[in-house]
Amino acid sequence: MNFGIQAVQLLPCLNSESFMRVEFREFDPFNVWIWIEFNTVPSEMEKQYVEETFSSWFFLGKLGGFNAENLQVQDVGLEVSYMPYDESIADNSMMAVMHNMSDFEYEGNWGRCWFDLGTSDAIAIDILLNSLRQLGKDFVTLDRVIVGGENEDWRVPGSGAGFVMEDNQRN
């Protein structure tokens, strides 16, 4: 099974002084665009950093990693030594998996990707934003991330109508 995940050699960003703004717009977890605004037109290496971050995040979501009903370690706190892990909690929690991801697209200093987040929980968005903030500090200068809605600088296909992904395009 090949999910397109490759090893990436990370090289430090020369300018870690800037910060990444985060904006939320209309949000439909089954039809959401995530927009990345780069400081400049991204290089091939910068594109690869961002794409691998999103692919890794999607892969964890596809495996059900963003299931807020089963956060047993988080709920215990800092002292996890010899913690009993309750398999019944894990087995009885609702499935929380992402369904689809489009290929990343670029136009000028913008990048975007479409997702069907399925039944994954909102913690997935927090984890992605945390990862992108650190990526933006250390490796790629990211000015802004927009979660959901439209981007007036770059319309989605069939603006107004949702983006429809072919079944199993990116499973």
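Owing to the predicted nature of the structure, the values given are computational and were not obtained by experimental measurement. (Residues numbered from 1 in each chain as written. Predicted model: local features only at pLDDT ≥ 70, side-chain atom pairs only at ≥ 80, totals over all residues. Heavy atoms only, no water.)

Some points on the confidence of the model for the protein chain
As a reminder of what qualifies: Residue-level confidence of the predictor is summarised by pLDDT, bounded by 0 at the bottom and 100 at the top. Two residues form a contact once any of their heavy atoms are found within 4.5 Å.
Mean pLDDT over the protein chain works out to 86, with 82% of the residues at or above the 70 mark. Scored below 50 in pLDDT, residues 5-16 shows 26 contacts in the model against residues more than four places distant or in partner chains.

Description of helix α1 (residues 44-62)
Note the threshold: Each helix is a run of DSSP H or I of at least 4 residues and each strand a run of E of at least 2, with the numbering of both proceeding from the N terminus. What a helix is expected to span follows from its residue count: subtract one and scale by 1.5 Å. Only protein chains enter the accessibility calculation, which uses a 1.4 Å probe. A residue is then buried if its area is under 20% of the maximum for its type, exposed if over 50%, and partly exposed in between.
With 19 residues, α1 should reach 27 Å at 1.5 Å per residue; the first-to-last C-alpha distance of 26 Å fits that figure. Buried within α1 are the following residues: K47, Y49, V50, E52, T53, F54, S55, W57, F58 and G61. If you follow the buried residues of α1, they end up packed against β2 (32-38), β3 (100-101), β4 (105-107), β5 (110-116), α4 (123-138) and β6 (142-147). Positioned one or two residues after α1, G64 has a phi angle of 85°, which is positive.

Topic: the pattern of salt bridges
Going by this rule: When a carboxyl oxygen of Asp or Glu lies within 4 Å of a side-chain nitrogen of Lys or Arg, that pair is called a salt bridge.
Applying the stated criterion to the full structure yields seven salt bridges. Between E105 and R112 there is a salt bridge, and its shortest N-O distance comes to 2.6 Å. Members of the salt-bridge network, linked through shared partners, are E23, R25, E37, R144 and E152.

Notes on the pairing of β2
When a strand is regular, its side chains alternate between the sheet's two faces. This is how the line gets drawn: Strand pairing is defined by DSSP finding a minimum of two bridges between the two strands.
Burial of β2 is extensive: seven of the seven residues sit out of reach of the surface. The side-chain alternation of β2 yields two buried faces, one formed by V32, I34, I36 and F38 and the other by W33, W35 and E37. Where β2 lies against β5, six bridges are found, and the strand directions are antiparallel. In the strand pairing of β5, V32 is matched with F115. Two strands pair when backbone bridges link them, and β2 and β6 are joined in this way by five bridges, in the antiparallel orientation. When the bridges of β6 are listed, F38 appears paired with L142.

Thoughts on the packing of α1 against α4
Test applied: All axes are obtained by fitting lines to C-alpha atoms, using only the stretch in contact for helices, and the reported angles, taken between N-to-C directions, cover 0 to 180 degrees. Should an angle lie under 35 degrees it is considered roughly parallel, over 145 roughly antiparallel, and from 65 to 115 roughly perpendicular; all remaining angles are considered oblique. Crossings are classed by handedness, with left-handed meaning an anticlockwise turn of the near helix from the far one by less than a right angle and right-handed meaning a clockwise turn. Gly falls in the polar group here, along with every residue not listed as nonpolar (Ala, Val, Leu, Ile, Met, Phe, Trp, Tyr, Cys, Pro) or charged (Asp, Glu, Lys, Arg).
Two numbers describe how α1 lies on α4: the axes approach to 11 Å, and their chain directions differ by 155°. What the angle tells us is that α1 and α4 run roughly antiparallel. Here α1 runs over α4; the crossing is right-handed. Together, Y49, V50, T53, F54 and W57 of α1 and A124, I125, I127, L128, S131, L132 and L135 of α4 make up the contact between the two elements. Residue composition of the contact of α1 with α4, grouped by class: 10 nonpolar, two polar and no charged.

Some points on a nonpolar patch on the surface
Cut-off, in case you're wondering: Patch members must show over 30% relative accessible area and no salt bridge, and they are joined within 9 Å when carrying like charges or within 5 Å when they are nonpolar side chains of Val, Leu, Ile, Met, Phe, Trp or Tyr. Working definition of accessibility: Shrake-Rupley area with a 1.4 Å probe, residue cover restricted to the visible protein chains.
A contiguous nonpolar surface patch, about 330 Å² in accessible area, is contributed by V73, V76, V80 and Y85. Along the chain, V80 falls in the loop between α2 (72-76) and α3 (87-92). Taking the relative accessible area as the measure of exposure, V80 reaches 37% and is therefore partly exposed.

A look at the side chain of D116
Put simply, the test is: All tallies of charge rest on Lys and Arg as positive and Asp and Glu as negative; His and the ends of each chain are not included.
Take D116: it is sitting in strand β5. In this structure, D116 is buried with no salt-bridge partner, the nearest side chain bearing the opposite charge being K62 at 8.7 Å. With residues up to four places along the chain from it excluded, the contact list for D116 reads P29, F30, M98, H99 and N100.

Regarding α4
The following threshold applies: As used here, the arc is the angular range of directions from the helix axis to the C-beta atoms.
If you check α4, its first and last C-alpha atoms are 23 Å apart, about what 16 residues at 1.5 Å a residue would give, namely 22 Å. Of all the residues in α4, the buried ones are A124, I125, L128, L129, L132, L135 and G136. Around the axis of α4, the buried residues are gathered within 125° of arc, so they sit on the same side. On the buried face of α4, the contacting elements are β1 (21-24), β2, α1 and β6.

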